[in-house]
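Structural characterization, general
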Amino acid sequence: MKLVQKLRLKVLNNCIDPKKVDNSLEYWSNVLFARSIFALVPLSLLAVVPAIIVCLEEELYNILIFDLSAFISLIIIGFVPGISVKVRKIILISLFFMIAFVFLNELGVFGPGLVFLLASSVVMMIFFPTKRVKLPFILTLIFCILYGVCIHYKVFEIHESMNVPIMAWVAISSNVLFLSALFSNQIPFLFSRLESTIEEQSKLQISLIAANKELQASIDQIEKKNIELEQFAFVASHDLQEPLRTVVSFLGKINKDYKDQFDEKGLQYLNFASDGAIRMKQVILDLLFYSRTGNITEDAVDVDLDLLIQNYKLLRYSIISEKSVSIKADHLPVILSFKSPLTHVFHSILDNAIKYSQDGIDPIIQIVAEERDMEWYFSIEDNGIGIEAEYFDKIFIIFQRLHNQGDYGGTGIGLSVAKKQIESLGGKIWLESVPGKGSKFFFSLPKTKKQ
Ligand code: ADP
C-alpha cells in the first residue's frame, strides 16, 4: 500500500505543474491528467498482456513492439522526472494518435483504431482546455485525409479490411470527424463556463478574505478601545476615591463640629451633600468592580451548583424567610467552571428575583440546568413584577435601572456585571418576561475543557 502511495505521489509531482497549484481550470486539468496516467499504467497492462500473448501466437510482431513501446511511453510520461507537464501531455496525445494509426493499419478500418482516433481528439480537448479549441478537430481531419491518401495509394502493407474504396473510408471516418466536431464545439463551451465559475469563486474568496481581514481589524480595534475604556474607568474611579474620601471626611467633621451653627436649611443642605457623597462613593466602587470584571485569573474547578444554591440560601436566610421565598432546583450538576464569576451570576439573578417580587405574592424561583453537546444551559424563573420587552437590552447596561431608589434599592450594576462575566466565559445571557407575571433569565456557558 505504501509503495502504491509512493508511486502515486511521484506521478502527481511529475504531472502537476508546481507553479500552477491554484483553483484554476489548468490546475484541475493537470490533476485529471496525473490521475489518468496513474490509472492508465495498471489498466494498460490489462490490454498489453493479452495482446502480447495473441501477438506472439499470431506472429503480429509489429503490434507487439508497438504495444510494448506504448507501455514504456506511459511509464516515461508518469515517472521520468525533468519533463515539463506540457511535453508529457503532448507525448500522451501523440501516443493516442499512434495507437489509432497502428490499430487501423494492423486490425483494419472496422477495428478499435477509430475509437482511439476519437479518443485522441477528446483527450486533447480535456488536457489542453479552452486553448486552440478547434485544433483537436483539425488534427483528426488531417489524420483522416492523410490516411485516406495512404489507403488510396496503398502506401502501407495493409490489413485486408483496408481494401476499401476511398469513398468508403470517407464515409467511415466522417463519423469520427462528426463526433470530434461535436465535442470540440461543446467541451470547450463547458470548460469556459467552468472557468468563469471558478474565476468568480476565487474573486469571491479573495473579497471574503479581505472582508474578514477588515472585520478582524475592526474587532481588534474595538477590543483595544474596550481595554482602554476599562483602564480609563479603573484609573478614574480609583483616583476619584481619594478626593471623595476627603470630601466625606470633612463633611463629617462639619456635621460634628459646626452643626450648631447651621440653621434648618443649612442642615438640610449638609445632609444632601453627605448623601450625594455616599452615593458617589458607591458609584465609584461599582465602577471599579465593573472595570475589574471579565479578567478571569482563577483556574477552572468543579463547581457544585447544588452546593452553590445551598450556600446562597444560608447567606440570604433572613430575606428568604422574611419574604417566604421558595427556591426550587432539582439536582443541579457539578460543572467545570470558574467559581467566582459563576457565583456572582447566580447571586445577581437570584437577588433580583427576590427583590423584584410582587406585593402579596410569595416569590417562587425555579432553577433548571440542561446539558447540551457543547454547552450548559441554565434558566432562572421568577413570579415577580416582570419587565416590559422594550427594556430587555437596557437592563444589562451599567447603571440602567427601571425603578427609582425609593421603590427598589440598587445601583443598576448586578446584571451588567453578570453579562460581562458570562460573555467573558464565552456564553450568552437573555430573558423572557411578562409584566405582572414574572421573568425568566437564561444563560449558556460553553463547557470548559479539562486542562
Ligand atoms: P439593580 O437591581 O441594582 O437595579 P440590576 O443590574 O441587577 O441592577 O438590574 C437592572 C434592572 O433590571 C433593575 O433595576 C430592574 O428594574 C430590572 N430587573 C432585574 N431583574 C429583574 C427581575 N427579576 N424582575 C423584574 N425586574 C428586574
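This report concerns the structure included in the present document.

Reading the values: the criteria
- Residues numbered from 1 in each chain as written.
- Predicted model: local features only at pLDDT ≥ 70, side-chain atom pairs only at ≥ 80, totals over all residues.
- Heavy atoms only, no water.
- Helix = DSSP H or I, 4+ residues; strand = E, 2+ residues; numbered from the N terminus.
- Rg over C-alpha atoms; globule rule 2.2 N^0.38 Å.
- Buried < 20%, exposed > 50% of the residue type's maximum accessible area, 1.4 Å probe, protein only.
- Contact = heavy atoms within 4.5 Å.
- Areas by Shrake-Rupley, 256 points an atom, 1.4 Å probe, with all protein chains shown as cover.
- Lys, Arg positive; Asp, Glu negative; His and termini not counted.
- Charge placed at Lys NZ, Arg CZ, Asp CG, Glu CD.
- Near = heavy atom within 4 Å.
- Polar contact = N/O pair within 3.5 Å; in protein donor to acceptor, adjacent residues only side chain to side chain.
- 1 Å grid on protein atoms, 1.4 Å probe; cavity = no way out; pocket = protein on both sides within 12 Å on 5 of 7 lines; lining within 4 Å.
- Sits in = over half its atoms within 2 Å of the grid points.
- Nonpolar A, V, L, I, M, F, W, Y, C, P; charged D, E, K, R; others polar.
- Salt bridge = Lys/Arg side-chain N within 4 Å of Asp/Glu carboxyl O.

1. Observations concerning the overall build of the chain
- In terms of helices and strands, the chain carries 12 helices and 7 strands.
- Compactness check: the chain gives a C-alpha radius of gyration of 43 Å against a globular reference of 22 Å for 451 residues, more than 25% above the reference.
- A total of 451 residues make up the chain; the buried ones form 36% of that total.
- Intrachain contacts of the chain at a sequence separation of at least 6 include 70% that bridge at least 24 residues.
- Summed over its atoms, the accessible surface of the chain is roughly 27600 Å², and 62% of this surface lies on carbon and sulfur atoms.
- In the chain, 44 side chains carry a positive charge and 48 a negative one; their mean positions are 5 Å apart.

2. Topic: the environment of Val301
- Of note, Val301 is situated in strand E1 (residues 301-304).
- Among all residues touching Val301, those that are not within four sequence positions of it are Ile335, Leu336, Ser337 and Lys339.

3. A few points about the site of the ligand
- Near the ligand you find 20 residues, and of these Asn352, Tyr356, Asp382, Arg401 and Leu415 are the closest.
- For the ligand, an oxygen atom lies 2.8 Å from a polar atom in the side chain of Asn352.
- Note that an oxygen atom of the ligand is positioned 3.1 Å from one of the backbone N or O atoms of Thr411.
- A majority-of-atoms criterion places the ligand in the largest pocket.
- Partitioned by chemical class, the residues of the shell around the ligand number 8 nonpolar, 9 polar and 3 charged.

4. Thoughts on the pattern of salt bridges
- Enumeration over the complete set of coordinates arrives at 7 salt bridges.
- Ionic pairing is found between Lys420 and Glu230, a salt bridge with its closest N-O pair at 3.1 Å. Taken as a pair, Lys420 in helix H12 (residues 414-424) and Glu230 in helix H7 (residues 166-257) lie far apart in primary sequence, 190 residues in all.
- Looking at Glu230, the relative accessible area reads 24%, which means it is partly exposed.
- Between Lys419 and Glu423 there is a salt bridge, with its nearest N and O atoms 2.8 Å apart. Of this pair, Lys419 and Glu423 both sit in helix H12, 4 residues apart, which is roughly one turn of the helix.
- A relative accessible area of 27% means that Lys419 is categorised as partly exposed.
- Take Glu423: its relative accessible area is 42%, and that puts it in the partly exposed class.

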